[in-house]
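# A look at the structure
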Amino acid sequence: MNALVQLLTEHRLALWTIAAGSLCSVSCALLGCYLVLRRMSLLGDAISHAVLPGIVIAFLLQGRASLPAFIAAVVVGMLTAYGTESLTALGRVPEDTSMGLIYTSLFALGVFLLTNLARNVDLDPGCVLYGAIELVPLDRQEVWGLEIPRAVVSLGLTAVATLAFVLLLWKELKIISFDPALAQALALRAGLVHYLLMGMIAWVTVASFEAVGSILVIAMLIVPPATAQLLTDRLDRMLLWSVIVGILSSILGYILAARLDTTVAGMMAVVAGCQFTLAALVAPRHGLLGQFVARFLLSLRIVSEDLAAMLYRAEELARRSTSAPLTWARCARALGGGPAAWLSALALRRRGKMQFGPGFRLQLTDAGRESARSLVRAHRLWEAFLVEYFGLPLDHLHAPAERVEHYIGPQLQDRLAAALEHADTDPHGRVIPSAGETPSPPAP
Amino acid sequence: MNLVPSYNTLIVLAGTSLLGAGAGLAGCFAMLRRQALLGDALAHAGLPGLCLAFWLWGERSLPVLLLGALVSGIAGIMAIAAIGRFTRVKQDAAIGIVLSTFFGAGMVLSRMIQNRVSSGSRAGLDSYNLGKTAGMISTDVYLIGGIALVALIMIVALYKEFKLVSFDPAFARVQGWPATALDLLLTLLVAIMVVIGLPAVGVVLMAAMLILPAAAARFWTDRLGVMLVLSALIGAGIGGLGTLASAQFSLSPAGPVIVLVGTAAFTVSLLIAPRRGVVARVLAETAYHRRLDEQKVLAGLREAEGDEPLAVELPPWRFAATAGRGARRRRAALQRLMVQGFVRPILGGGFSLLPSGQQRADLVERGRKLWVALLLRYPELAHGYAELDAETIDDLLPAKIVAELEADMASAAPEWSP
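Report follows, based on the coordinates.

Procedures and definitions
Residues numbered from 1 in each chain as written. Chains lettered and ligands numbered in written order. Predicted model: local features only at pLDDT ≥ 70, side-chain atom pairs only at ≥ 80, totals over all residues. Heavy atoms only, no water. Helix = DSSP H or I, 4+ residues; strand = E, 2+ residues; numbered from the N terminus. Rg over C-alpha atoms; globule rule 2.2 N^0.38 Å. Buried < 20%, exposed > 50% of the residue type's maximum accessible area, 1.4 Å probe, protein only. Contact = heavy atoms within 4.5 Å. Areas by Shrake-Rupley, 256 points an atom, 1.4 Å probe, with all protein chains shown as cover. Lys, Arg positive; Asp, Glu negative; His and termini not counted. Charge placed at Lys NZ, Arg CZ, Asp CG, Glu CD. Buried area = accessible area lost by both parts, 1.4 Å probe. Salt bridge = Lys/Arg side-chain N within 4 Å of Asp/Glu carboxyl O. Polar contact = N/O pair within 3.5 Å; in protein donor to acceptor, adjacent residues only side chain to side chain. Nonpolar A, V, L, I, M, F, W, Y, C, P; charged D, E, K, R; others polar. Disulfide = S-S within 2.5 Å. Core = buried A, V, L, I, M, F, W, Y, C linked by side-chain atoms within 4.5 Å. Phe/Tyr/Trp six-rings, centres within 6.5 Å; stacked < 30°, edge-to-face > 60°. Lys NZ or Arg CZ within 6 Å of the ring centre and 35° of its normal. Expected span 1.5 Å × (residues − 1).

Turning our eyes to something else, we now look at the overall build of chain A. What chain A contains, in helices and strands, is 18 helices and 4 strands. The C-alpha radius of gyration computed for chain A amounts to 33 Å, which surpasses the reference 22 Å derived for 444 residues by more than 25%, pointing to a less compact arrangement than a globule. If one aligns the C-alpha atoms of chain A with their principal axes, the spans along those axes are about 100 × 60 × 35 Å. By residue count, 51% of the 444 residues in chain A fall in the buried class. Long-range pairs, those at least 24 residues apart, make up 70% of the contacts in chain A between residues at least 6 apart in sequence. When the accessible area of chain A is evaluated, it comes to approximately 21100 Å², of which 65% is carbon and sulfur surface. The centroid of the 34 positive side-chain charges in chain A is displaced by 6 Å from the centroid of its 33 negative side-chain charges.

Dropping the structure here:
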C-alpha cells in the first residue's frame, strides 16, 4: 500500500497529464463515433478549427477560459455546421468546398486575432494551436480538499456531460446515424439532434484545446472511432473500443513523448494512427489480414471440395470400367498444382475425408464420399437445370456448374430435384446421385 | 509609414502573387474534381517530410525541404487511397486520419529537431505551420515562379484532356484517354502547388489558398477557360494584397492575412456576381415569382371575361378585392399590370383586360396548355423543365416539339381544358 502511494506521489505529474489526456480522448472518442458513422468526419475537423476565433475572442474579453468562452465557441461551432449547409444551398458551392472555405476562413480569423490582438493577453498561440498538456498539472485548483489541476476538472466535467449526452440520446443518435430516413419518418427531430451533436463537439473541442490543441483534436475525434469501426459491428462495442483506443493513445503517447523528449499531443496522434494501422492490418473481420485469411480459407475449401469430387468421379468410372488408379500426381495436376493442391489434400485428410493408400493412391473415406456425393449431385442438378430451364447447349454447362456447385446446399438441391421432377441423369447421361443413397466403395 | 515598398517587400510580393496565381490554377481542378479537402490533407501530410528533410539535410534549403514535403504529402494521399480501397473506413474519415496522424508526426519531429539542432539553424521550421513570408529570398521566388510557369504550360498543353477528366472521367475512360495517368498528373499538380505554398501561408491555411480563388472565380463564369484565368488573377491579387497589407500594418504571420483577403474576395463574389451571385439570384427569383403572379391574374381575368375580349359592360369582377391567401401579392400584380398597360380599372369596381392584356393572357393560356401537353407526352422530361414559364415555352422548347404538342392538343382538346 505504501509503495503504491509512493509510486503515485512520485509520478503525480505524469499521472495528472495522462488523466487529462485520457479524459479528453474519452469525450472525443464517444462523439467521434457518430461523426464517423454519419460520414461527417470532416465536419468535426471544420468545427474544431472554427472554434478558434470564439476561444480567442472570449479570452480577449475575459482573460481566462470560462463559461462565456465555452458558450462563444459552441455558438461558433454550430454556426460552422449551419454555415456549411447554407453556403452549399445559397451559393451552390460544392459541399466540400464550402466546408473548406468556412473553416479555413474562421481559422485564419482566429490565428489573425491570436497573433495580432492577443499579444498582451496571457494566451500563447503555440498553446492554443498545439496544446500544452505538459503544463496541465501546474495549474491547480482545490476541489473537496484535493489539489486537482484545473484542466482535469474541466475535462472531467466535459467527459461526464458527453457520456450523459450519449446515454440520454442513445436511441436518437443511433437512428440518425444508421437510418436518417427512418429518423425523419419517426418525426425524431433529426435536425435538432444533429445540431446538439455539433454543439457538443464544439464544447469538447474547446475543453480539449488546452490539452491537445485545436489542431490535434481531430486526431482524437476521428482516429479512435475509425479504429473501433474496424474491430466491431455493434454500436455499443464501437463506443467502448473507441474509448479504449483513445485512452491507450494518451497513455502510450505520454510515455513515448517523455522518452523521446517531444510533444505529447503530437505523439498521441501518432500513437492513435499506429493503432489504426494495426487494426487495419490485423482486425479479425475487417482487417487486411482477416480478409486475406477468410479468402484463403474459402479458396482452400473450394479446392478441397473439388479434389473430393474428383475422387468421387474416379470411383464412379472405376465401377464401370477398369481405368488407371488416380495417383496424387494426376490429381495435383488437375487441381492446378502448387501449394493450394497440397494444402487441400492435407485439409481433406485432416478432416478424415480422405486417406492415402499404397503408392500415394488417394482414397475417399465414407464421410468424404458422402460430402463429395452431395457436391457432385449439386453439380449435375445444376447442369440439368440449365438445360431444362435455359436451354443451354451441352458444352456450356460445365463451367457455371463448376462454380456454383460449392454454394448449393442440400435444401436447394432438393428444390432443384423437385423442379426437374427428380430426373435420374444429367444432360451428359451421368447418374445424379440421390440424396439418401448410401455410398458404396468401389469393388477392390 | 513607408508607402513605397522596399526591395525585400517587392520580392515577397512577387512570390506570393505568383503563388496565388499557381494555386488559383491548380485549385480550379481541385474544386471541380471535389478534391478541395484533399489539398488540406496534402498540406498537413507534408509537414513530417519537411521536418525529416530538414533533419537529414541539416540546413534550411527551400528546394530540399519542399521535396521532402512533396514526398510525404504524396505518401499521405496514397494512404488515403489505400484506406478507402482496402478497409471499410470511408473517405472522409480516411482524410481525417491521415491528416491528423501525419501532422502529429510532423509536430513530434519538429520538436525533436528543435531539441537537438543548434539554435541558429532551427529557426524557420515553426513558421511552416502558419506561414512566414518575410524570409522569402529571390531564389525562392524563382522557384515558385518556375513551378507556376510549368503548371501553366502543362494546363495549356493538356487543356482538353484535363477538362475531360475533370468533368466526366467515365467518358474519358470509355473514349480511351489515359484517364488514370491524367488523374495522377492533376493530383500531382495540386500537390506541387500546395507544397510550394507551405512556406508562405503555412500548413493549416494552404487549403484555403487553393480553393478560395477557384471558388470565387466559379461565381463569375460557367466556362473552364475563363474560370482558370479569373482564378489565377484572383489568386495573384489575394497573395499580393495580403502581403502588402501585412507589410503595411506589420501584421504577422502573413498567411492568415492573405486568407482573410481571399475570404473577402470570395464573399464579394458570392454576393454580387452577375448570375450565380446571391443578390442576382434573389432578384431573379423575385422577378420570376412576380411574373407568375401576373400570369395568374391575367388568366383569372381572361376566364372571368369569357370570349368577349373588349366587353366593357361586364359585371364588375372583384378579383383583386378577394381576401385570403396571396391577396396582397395579387393586388401588387394587378397594379403592375395596370402600369404596364395590360389591364384597366372599370367604373364601379373591377378590372378589365386591354387588347394587349388580352393578347398576353392568350399567350399565357396557350403556354399552360402546351406545358400540360408536354407533361402528358414526355413525362420523363418534366424535371428538366421544372421552372418552365408559361410565357416563354416557345423559347425553351424546339419548334418541332411545339408543333407536335399543338397537334396533340387539337386532336383531344376537351381533355385539357382546366
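Here A:Asp261, not a glycine, exhibits a phi torsion of approximately 55°, which is positive. Following the sequence through the fold, A:Asp261 ends up in the loop between helix 11 (235–260) and helix 12 (264–282). Judged by relative accessible area, which is 48%, A:Asp261 ranks as partly exposed. The phi torsion at B:Arg34 lies on the positive side, around 55°, for a residue other than glycine. Tracing the chain through its elements places B:Arg34 in the loop between helix 1 (7–32) and helix 2 (36–57). Judged by its relative accessible area of 53%, B:Arg34 is exposed.

We now examine the interface of chain A and chain B. Each partner contributes to the interface: chain A provides 59 residues, whereas chain B provides 54 residues. In total, about 4600 Å² of surface goes out of reach between chain A and chain B, with carbon and sulfur atoms giving 71% of it. Across the chain A-chain B interface, the total number found is 1 salt bridge. Across the pair A:Asp233 and B:Arg88 runs a salt bridge whose closest N-O atoms are separated by 3.0 Å. Inspection of the chain A/chain B interface yields 11 residue pairs in polar contact (both at pLDDT 80 or more). Contributing elements (two or more residues each) for the side of chain A that touches chain B: helix 2 (12–37), helix 3 (41–62), helix 4 (67–91), helix 5 (95–117), helix 6 (125–130), helix 10 (190–231), helix 12 and helix 13 (288–320) of chain A. Per-element accounting of the side of chain A that touches chain B gives the leading share, 15 residues, to helix 5 of chain A. Among the residues making up the side of chain A that touches chain B, the classes are represented as 34 nonpolar, 17 polar and 8 charged.

This part covers the state of the cysteines. The final tally for this structure, using the stated rule, is 0 disulfides over all chains. The closest cysteine sulfur to the non-disulfide-bonded A:Cys24 is located on A:Cys28, 4.3 Å from its own sulfur.

Quick look at the nonpolar core now. The biggest cluster of nonpolar side chains holds 191 residues, and the ones touching the most others in it are A:Phe276 and B:Phe266. By residue number, the principal contributor to this core is helix 10 of chain A, which donates 23 residues. Among all residues touching B:Phe266, those that are not within four sequence positions of it are A:Leu87, A:Val93, A:Leu101, B:Leu212, B:Ala215, B:Ala216 and B:Phe219.

Evaluation of the coordinates by the stated rule reveals 6 aromatic pairs over all chains. When the ring of A:Phe385 is compared with that of A:Phe390, the centres are 6.1 Å apart and the planes differ by 80°; the resulting orientation is edge-to-face. Every member of this aromatic cluster is reached through a ring pair, and the members are A:Trp382, A:Phe385, A:Tyr389 and A:Phe390. The ring of A:Tyr407 has A:Arg301 lying over it, and the distance from NZ or CZ to the ring centre is 5.9 Å. One cation-aromatic arrangement involves B:Arg360 over B:Phe342; the distance from NZ or CZ to the ring centre is 4.9 Å.

Mapping A:Ser242 onto the fold places it in helix 11. For A:Ser242, a relative accessible area of 0% gives the class buried.

Here the focus is helix 11 of chain A. For helix 11 of chain A, which comprises 26 residues, the first-to-last C-alpha distance of 36 Å matches the rise-based estimate of 38 Å (1.5 Å per residue) to within 8%. For helix 11 of chain A, every residue scored as buried is listed here: A:Leu235, A:Met238, A:Leu239, A:Ser242, A:Val243, A:Val245, A:Gly246, A:Ser249, A:Ser250, A:Gly253, A:Tyr254 and A:Ala257.

Another aspect to go through is the pattern of salt bridges. This model, assessed by the stated rule, comprises 20 salt bridges over all chains. Between A:Arg369 and A:Asp366 there is a salt bridge, and its shortest N-O distance comes to 2.9 Å. With A:Arg369 and A:Asp366 both in helix 16 (residues 366–390), this residue pair falls 3 residues apart, about one helical turn. Look at A:Arg369 and you get buried, because its relative accessible area is 3%. Accessibility expressed as a relative area gives 52% for A:Asp366, which makes it exposed. With a closest N to O distance of 3.6 Å, B:Asp222 and B:Arg276 form a salt bridge. Of this pair, B:Asp222 sits in the loop between helix 11 (206–218) and helix 12 (224–248) while B:Arg276 is found in the loop between helix 13 (254–272) and helix 14 (278–305), placing the two residues 54 residues apart along the sequence. Classification of B:Asp222 by relative accessible area gives partly exposed; the value is 48%. When salt bridges that share partners are traced, they join B:Arg218, B:Asp222, B:Arg275 and B:Arg276 into one network.

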